[in-house]
Amino acid sequence: MKRHALSTRLWHWVNAGALVVLFMSGLTISNAHRRLYWGNYGFDPADAWLHVMRFPGWITLPARYNLAAARDWHNTAALVFAFGLLAIWLAMVANGHFRRDLATSARDWTFGAWRTALAQKGTAGMPYNPLQKLAYGALFALVLPLMVATGLAMSPGFEPFAPWLVDVLGGRQSARSIHFITTWALVGFVVGHVALTLVSGPVRLIGAMVHGGRREETGA
Amino acid sequence: MSGVNRRGVLAGLTALGAGACSDLHKTKTAQDVFRTAEDWHRAAHRLLAGRERLAPEYRPDQRSSDMRGNGSLTVDSDFYREQLANGFADWQLQVTGLVAEPLSLSIDDIRALPQRSQITRHDCVEGWSAIAEWRGPQLGTLLDRAQLRPEANFIVFRCADTLYGRPYYESIDLVDAYHPQTIIAHELNGAALPEKNGAPLRMRIERHLGYKHAKYLTAIEAVASLDDIGGGKGGLWEDIAGYQWYAGI
């Protein structure tokens, strides 16, 4: 059995590309109005809870400020990201990846299990250890859907269909703030994800995410 | 290879990549992909929200302290200053183009039409929002009185203000034109529309971002195609800066 199903590998790289575009174009959009607010409205500096730095050109898309082009990149990559998330959820429920490798059981939620996971050398085995399950679970069930939800909540053409979504998120400007905060949670995940890959045998792990690799059971 | 060289090569490659990406949006392929994505968003919104679903309306106590003015904040002409001073007594709104009965309406004529009041949120493309009460006749009422012809596909809004030396204009399709919350506002928060917000008349098109809401309105023109209007992209910001014509995203 392969370590990673074709659906997982395809989604991983397509989604990685979409996230890079979304992140960099999102920073350009942030530069268009560098203040964040809570509630439904906000434009006055006095009402802002955060004054955001101006993100420099080397990390924005496009490099030279262009709000229209940034929104084009962002709204196009958003379709890839959102429908990709839907597709990978359907695929991992259908092919058993979710139940086999990601779904937690009661004993995954104990300190003992987390200590054992931390003491473990490398993170390359399957199924994932309890901490990996929790991290991927939080990513797939919370962080990624929240990016889609807060993104949709900012769209005036979508809002009439689901005004409750904007209300649940605390208003349009709250949705915008949560979108910004969740971005950095996602950046944190990517940094940790890449770092753990690098210390756990990058050639083998990245190779497995390309050609599928071989599944090595940890017997956990 | 020394560390310095490796860093130099890496920096060079990154700059090359960033430079390539930076101009990629100007290529025809990228533009085609972007416009397709914009169409998909619009089709999805129309499918989900239909023609009639309303943008949220708020209570009076939920309004923001002010309605920020943005873009043009006045019209630089003697006629405008004179009209501003005398309550826009000679301001006329033309309803022209593909209509059977062209109209020319004074501010009093517009006040005499059936009115709609709505407390709605204005979302700027830049990211900020404000909530205010707007009042005026529905655009659909005017189009019906002018007897819109069946060849009409778009409604173009002509404005008195200019940006970067060009007259401001905007356009919407007939779904948005006949949306119940699409009104020609002459009042903001119970008073005559202020100068910075587009006096004497501005559009409210509540399922779109702010740049669609044309201010300092002088004419409403029904057309079959946007190709020959302005730069052909349906609005001033669309023409000069590449903004999306569908501003519901």
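Structure: see above.
The structure reproduced in this document is the subject of the present report.

Here we take up the sheet that holds strand β8 (residues 187–188) of chain B. Backbone-to-backbone hydrogen bonds join strands into a sheet, with any given pair of strands oriented parallel or antiparallel. Residues and elements named next belong to chain B. The antiparallel open sheet is built from 4 strands, whose spatial order is β3-β4-β8-β9. This sheet does not close on itself; its edge strands, each paired only once, are β3 (116–123) and β9 (191–192). Where β8 meets β9, 2 bridges bridge the pair, whose relative direction is antiparallel. When the sheet's bridge partners are listed, L188 is paired in β9 with A191.

Turning to the nonpolar core, a few remarks are in order. B:I155, B:F157, B:C159, B:Y169, B:I184, B:A214 and B:L217 are the most contacted members of the largest nonpolar core, which totals 71 residues. Among the elements that make up this core, the one with the highest residue count is helix α2 (residues 67–94) of chain A (7 residues). If we ignore the near neighbours within four places in the chain, the residues touching B:I184 are B:I110, B:G136, B:P137, B:L139, B:L201, B:M203 and B:L217. If you look at the next biggest cluster of nonpolar residues, it comprises 7 residues, including A:A153, A:F158, A:L169 and A:A175.

What follows deals with the sheet that holds strand β1 (residues 92–97) of chain B. All names here are of chain B. With respect to topology, 5 strands assemble into an open sheet ordered β2-β1-β11-β5-β6, the strand pairing being mixed. Pairing within the sheet leaves two strands with one partner each, and these edge strands are β2 (103–106) and β6 (166–173). For this sheet the average axis-to-axis angle between neighbouring strands, irrespective of direction, equals 20 degrees. In terms of strand pairing, strand β5 (residues 154–163) meets β6 through 7 bridges, oriented antiparallel. Within β6, the position partnered with L163 by the bridge is R166.

Facing the 31 residues of chain A at the interface are 38 residues of chain B. Among the elements of the structure, α2 and α7 (172–199) of chain A are those that each provide at least two residues to the side of chain A that touches chain B. If you tally residues by element for the side of chain A that touches chain B, the top one is α2(A), at 9 residues. Here the residues of the side of chain A that touches chain B sort into 17 nonpolar, 8 polar and 6 charged.

Definitions and limits used
Residues numbered from 1 in each chain as written. Chains lettered and ligands numbered in written order. Predicted model: local features only at pLDDT ≥ 70, side-chain atom pairs only at ≥ 80, totals over all residues. Pairing = 2+ DSSP bridges. Helix = DSSP H or I, 4+ residues; strand = E, 2+ residues; numbered from the N terminus. Core = buried A, V, L, I, M, F, W, Y, C linked by C-beta atoms within 7 Å. Buried ≥ 20, exposed ≤ 12 C-beta atoms within 10 Å, placed from the backbone. Contact = placed C-beta atoms within 7 Å. Axes fitted to C-alpha atoms, helices over the stretch in contact; angles between N-to-C directions. Nonpolar A, V, L, I, M, F, W, Y, C, P; charged D, E, K, R; others polar.

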